[in-house]
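The primary structure of each chain is shown beneath.
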Amino acid sequence: MKRNIMEYETVELDDERSCLVIIDQTLLPATTKLVELRTAQEIWDAIYLLKVRGAPAIGVTAAFGIYLLAKQIDTEDYDFFYREFVKEKNFLNSARPTAVNLSWALERMEGVCKANREKGVKEIKEELKKEAVAIKEEDIWVCRTIGEYGLSLLKPGDGILTHCNAGQLATSKYGTATAPIYLGQEKGYGFRVFADETRPLLQGARLTAYELYASGVDVTLICDNMSAMVMKNGWVNAVFVGCDRVAANGDTANKIGTSLVAVAAKQYHIPFYVCAPTSTIDLDTKTGADIQIEQRPEEEVTQMWYEERMAPKGVKVYNPAFDVTDNELITAIITEYGIAKAPFETAFQEIFQKKEEKGNR
Ligand code: MRU
């Protein structure tokens, strides 16, 4: 019998067989294929090609990936080990630029090498494994907690609109923007969800609609250009989206099209919530203007998903993978340490202070 997509792990470590196991998300929903990743190139490709995607899942993949690559560095000499580690780390880090979770996870892993330098390479490898496992476990707790805070902003029967996939497939469990939906589902809240299809790579149609539908949630798929109408019709009480990098002033990079949803939500007085693990908040990036936006191949717009090319050959194509939603369009940013409201600089200080008090990284 076909297993429900929600029963799969998005990213799993098979340490005995020295590989990472992911679901190839480019094939969903038609085909559920598990893929094993072993080499740096395989891991890099899986991230770049969006076989594994979504900011938290990319972070977990990078953490397990760098552990596996570190395990293969055959030396007892720390300096040599560290140099090789940094080479592999920099390579993985170059796979995608916008989601800060990639560099965040790799920095955490590098910190483990430095902190355990005196213990020797063998012990460092063990510590790296523990850290990668901790990053994945934390992700589950973070998503669930974001879900609880998010749910406190909703009431039974609400209509919710979401863009892209900030769902379980983008994380280790629950998702971020979908976490309030799943927790509400457990309580019988009966939400009605609208999933934007999310051009050009259709994460909303192929992934969000798929996982919500598989979970028994009342989900309706709409094209990206229908969200304003759905809002005007009064069918949406709140918008919940994920994020790839939040700047210190609250400007938020998320999947291309998110800012358009935020503009429409403002027009129709609908609260616009960004669900953000603190690992996605980058205080070193001052504003959205400082966020590097990934540009992707033009074929994703002209050809992919179509039986034949749908644009004249040679026409110019602009294909940014993300856009930045200005902070003034965001009602609140929901983190695992509470709900941040403008002014976001101050709110983030409090959030990160709470995190520090708990001794979490
Ligand atoms: O290009 P993708 O599919 O990696 O983009 C994903 C998103 O934009 C998500 O909304 C974001 O990473 C948050 S996932 C919890």
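Scroll up to find the structure this text is about.
A quick note: this is a predicted structure, and the numbers were derived from the prediction, not measured.

A. How the structure looks around the site of the ligand. Surveying the vicinity of the ligand reveals 17 residues, the closest of which are Ala55, Arg96, Asp244, Asn254 and Lys255. Contacts to the ligand include arginine 53, whose side-chain N or O atom sits 2.8 Å from an oxygen atom. Its free accessible area being 410 Å², the ligand has 99% of it covered by the protein chains. Mapped by element, the contributors of at least two residues to the shell around the ligand are helix H2 (55-71) and strand S9 (252-255). Split into classes, the residues belonging to the shell around the ligand amount to 7 nonpolar, 6 polar and 4 charged.

B. Focus on the side chain of asparagine 116. Its place among the elements puts asparagine 116 in the loop between helix H4 (100-115) and helix H5 (121-151). When residues no more than four places from it in sequence are discounted, the contact partners of asparagine 116 are Ile124 and Glu127.

C. Fine view of the packing of aromatic side chains. Enumeration according to the criterion identifies 9 aromatic pairs in this entry. Both rings, one in phenylalanine 240 and one in tyrosine 273, keep their centres 5.1 Å apart while their planes meet at 45 degrees; by these two values the pair is tilted. On the criterion of sequence distance, the pair formed by phenylalanine 240 in strand S7 (residues 238-241) and tyrosine 273 in strand S10 (residues 272-275) is long-range, its members being 33 residues apart. Exposure class is identical for phenylalanine 240 and tyrosine 273. Each is buried. Taking NZ or CZ as reference, lysine 173 lies 5.3 Å from the ring centre of tyrosine 174, over its face.

About the criteria used
- Residues numbered from 1 in each chain as written.
- Predicted model: local features only at pLDDT ≥ 70, side-chain atom pairs only at ≥ 80, totals over all residues.
- Heavy atoms only, no water.
- Near = heavy atom within 4 Å.
- Polar contact = N/O pair within 3.5 Å; in protein donor to acceptor, adjacent residues only side chain to side chain.
- Areas by Shrake-Rupley, 256 points an atom, 1.4 Å probe, with all protein chains shown as cover.
- Helix = DSSP H or I, 4+ residues; strand = E, 2+ residues; numbered from the N terminus.
- Nonpolar A, V, L, I, M, F, W, Y, C, P; charged D, E, K, R; others polar.
- Contact = heavy atoms within 4.5 Å.
- Phe/Tyr/Trp six-rings, centres within 6.5 Å; stacked < 30°, edge-to-face > 60°.
- Buried < 20%, exposed > 50% of the residue type's maximum accessible area, 1.4 Å probe, protein only.
- Lys NZ or Arg CZ within 6 Å of the ring centre and 35° of its normal.

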